[in-house]
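Spelled out, the chains give:
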Amino acid sequence: RAKEIGSNGIAYFEPGMEQAALRRSTIELELRNALTSGEIYPHYQPLIDLETGDTVGFEALARWKTPGGLVRLPIDFISIAEQCGLISDLFFTILRAACVDVRNWPAHCHVAINLSPVQFSDPELAQRILGVLIETGVAPGRIEIEITESALVSDLDNAIATIISLKNQGVRISLDDFGTGYSSLRHLSDLPIDKLKIDRSFVENLDNDEASRTIVRAVTGLAHNLGLTVVAEGIETQENASHLSQFGCDFGQGYYFGRPAAAQFLMPFFNQESWIKISDNLSKISNQEIVAQEHNVHSHHTAK
Ligand code: C2E
Ligand code: MG
Ligand code: MG
Ligand code: MG
């Protein structure tokens, strides 16, 4: 992995590159192991109906608990998994776990799984996903697949074919991180998607930036006119939530409603009828547990 190839055809390394490459191959080895020994599993973050406050589903987010008790976040391993051919194993590990868990949830709650753009190169992808649903006895309508737009640039035909096969069976598709990267309005009309997730970067600035409010309002209107539902990511405050609900945004996700948490911590979201109906105190108590749980994730000193 040389950074540059000189005019003489000889590749040379920059200082630090060898170390980075070494670290990468160490993680690659560990990840290969982790996938076979059950160290990769999902945390779930609630998706809330902004009008009623009901929990409508959860997004599965990959976590890696190392034997030392440290929990690694996706930023440390997703792109490595993509580069070394492990992303499909990782996806199916999360999908399987999510299918097992969704069977314990109220029937109206769905689960959303993130798909990596590189997976569209697999022509059997849709069949393999549907196979897992059949094996685990989960109705396709309870599953949503989140895709990002970079997928659509490199492998558009495969992506469309896969999306259509999944949709025909009742799996829903959402376009994640909308407004970043390779966003194109073309995709909104050309792709058979159901949902658009507005990226966190727009929500972040909602309270003090008129331009962000204008964009979010306009994108929401546009999506609705195209028959799509709209989810806002990264809602951290009550002000964020009320802005978005005023703009007609259908669903919301973010630390304000709940951090990603392990499956056993989701009870409060099932027991309470609705987020806004929960008394302030009760919500603080139940949320504390979830915050504490996710907090461990960021601690590098978590005991096993
Ligand atoms: P994403 O799909 O856009 O997921 C949302 C990310 O935003 C999650 O980060 C979540 O913890 C974080 N988040 C949620 N609410 C808030 C908030 O209010 N404030 C802030 N600051 N952040 C919030 P996470 O879990 O670290 O995942 C990062 C990304 O890694 C995901 O972004 C997704 O692109 C990728 N990823 C996660 N799990 C998988 C997986 O199983 N497969 C693939 N291919 N990618 C995954
Ligand atoms: Mg996502
Ligand atoms: Mg997202
Ligand atoms: Mg995002």
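- Looking at an unreviewed UniProt entry, one finds the protein named EAL domain-containing protein, with Sphingorhabdus lutea as its source organism.

Digging into the layout of surface pockets
Next up, step 1: Computed from the structure, the largest pocket encloses a volume of approximately 1100 Å³.
Next up, step 2: Around the largest pocket, the lining comprises 37 residues; the ones closest to its centre are Glu-59, Leu-61, Pro-74, Asn-114 and Asp-177.
Next up, step 3: Put simply, the parts of the chain that give the lining of the largest pocket at least two residues each are β4 (55-65), α2 (78-83), α3 (87-102), β6 (110-114), β8 (172-178) and α12 (280-298).
Next up, step 4: With five residues, β4 is the single largest residue contributor to the lining of the largest pocket.
Next up, step 5: Here the residues of the lining of the largest pocket sort into 16 nonpolar, 10 polar and 11 charged.

Some thoughts on the coordination of the magnesium ion (ligand 2)
Next up, step 1: At the metal site, the magnesium ion (ligand 2) is ligated by Glu-59 (OE), Asn-114 (OD1), Glu-146 (OE) and Asp-176 (OD), and these contacts range over 2.0 to 2.2 Å.
Next up, step 2: Between the two metal centres, the magnesium ion (ligand 2) and the magnesium ion (ligand 3), the spacing is 3.4 Å, with Asp-176 acting as a shared donor. Residue Asn-114 is located in strand β6, and its partner Glu-146 is located in strand β7 (residues 143-147); the two are separated by 32 residues in the primary sequence.
Next up, step 3: Judged by relative accessible area, Asn-114 falls into the partly exposed class, the value being 30%.
Next up, step 4: For Glu-146, a relative accessible area of 1% puts it in the buried group.

Regarding the packing of aromatic side chains
Next up, step 1: Evaluated as defined, the whole model comprises eight aromatic pairs.
Next up, step 2: Considering the side-chain rings of Phe-58 and Phe-269, the 6.1 Å spacing of their centres and the 80° angle between planes classify their relative orientation as edge-to-face. Taken together, the positions of Phe-58 in strand β4 and Phe-269 in helix α11 (residues 267-271) put the pair 211 residues apart, joining distant regions of the chain.
Next up, step 3: Residue Phe-58 is classed as buried on the basis of its relative accessible area, which comes to 0%.
Next up, step 4: Aromatic pair Phe-91 and Phe-92: ring centres 5.0 Å apart, planes at 90°, arrangement edge-to-face.

Some words on a nonpolar patch on the surface
Next up, step 1: On the surface, Leu-185, Leu-222 and Leu-226 cluster together into a nonpolar patch covering about 270 Å² of accessible area.
Next up, step 2: Within the secondary structure, Leu-185 sits in helix α7 (residues 185-190).

Describing α3
Next up, step 1: The end-to-end C-alpha distance of α3, which contains 16 residues, comes to 22 Å, matching closely the 22 Å that a straight helix rising 1.5 Å per residue would cover.
Next up, step 2: Turning to α3, its buried residues number three or more, namely Ile-87, Ser-88, Leu-90, Phe-91, Phe-92, Ile-94, Leu-95, Ala-98, Cys-99, Asp-101 and Val-102.

Looking at the pattern of salt bridges
Next up, step 1: For the structure shown, the criterion picks out 11 salt bridges.
Next up, step 2: Here Glu-59 and Lys-197 are joined by a salt bridge, their closest N and O atoms 3.0 Å apart. In this pair, Glu-59 is assigned in strand β4 and Lys-197 in strand β9 (residues 195-198), connecting sequence segments 138 residues apart. Side by side, Glu-59 and Lys-197 carry an identical accessibility label, which is buried.
Next up, step 3: Here Arg-128 and Asp-122 are joined by a salt bridge, their closest N and O atoms 2.9 Å apart.
Next up, step 4: Classification of Arg-128 by relative accessible area gives partly exposed; the value is 37%.
Next up, step 5: On the basis of relative accessible area, Asp-122 is assigned to the buried category, the value being 18%.
Next up, step 6: By sharing partners, the salt bridges in this structure join Glu-59, Glu-146 and Lys-197 into a single network.

So, the site of ligand 1
Next up, step 1: Close contacts around ligand 1 come from 24 residues, with Arg-63, Asn-114, Asp-176, Glu-236 and Tyr-255 the closest.
Next up, step 2: Contacts to ligand 1 include Asn-114, whose side-chain N or O atom sits 2.9 Å from an oxygen atom.
Next up, step 3: The side chain of Asp-176 places a nitrogen or oxygen atom 2.9 Å from an oxygen atom of ligand 1.
Next up, step 4: Protein coverage of the free-state accessible area of ligand 1, which is 800 Å², stands at 82%.
Next up, step 5: Of all the elements in the fold, those that place two or more residues in the shell around ligand 1 are β4, α3 and β8.
Next up, step 6: Among the elements that make up the shell around ligand 1, the one with the highest residue count is β4 (four residues).
Next up, step 7: Among the residues forming the shell around ligand 1, the class breakdown is 11 nonpolar, five polar and eight charged.

Cut-off values and rules
Residues numbered from 1 in each chain as written. Chains lettered and ligands numbered in written order. Predicted model: local features only at pLDDT ≥ 70, side-chain atom pairs only at ≥ 80, totals over all residues. Heavy atoms only, no water. 1 Å grid on protein atoms, 1.4 Å probe; cavity = no way out; pocket = protein on both sides within 12 Å on 5 of 7 lines; lining within 4 Å. Points joined across faces, edges and corners; volume = space filled by probe spheres on them. Helix = DSSP H or I, 4+ residues; strand = E, 2+ residues; numbered from the N terminus. Nonpolar A, V, L, I, M, F, W, Y, C, P; charged D, E, K, R; others polar. Donors = N, O, S within 2.8 Å, 3.2 Å for Na, K, Ca; no water. Buried < 20%, exposed > 50% of the residue type's maximum accessible area, 1.4 Å probe, protein only. Phe/Tyr/Trp six-rings, centres within 6.5 Å; stacked < 30°, edge-to-face > 60°. Patch = residues over 30% accessible without salt bridge, like charges linked within 9 Å, V, L, I, M, F, W, Y side chains within 5 Å. Areas by Shrake-Rupley, 256 points an atom, 1.4 Å probe, with all protein chains shown as cover. Salt bridge = Lys/Arg side-chain N within 4 Å of Asp/Glu carboxyl O. Expected span 1.5 Å × (residues − 1). Near = heavy atom within 4 Å. Polar contact = N/O pair within 3.5 Å; in protein donor to acceptor, adjacent residues only side chain to side chain.

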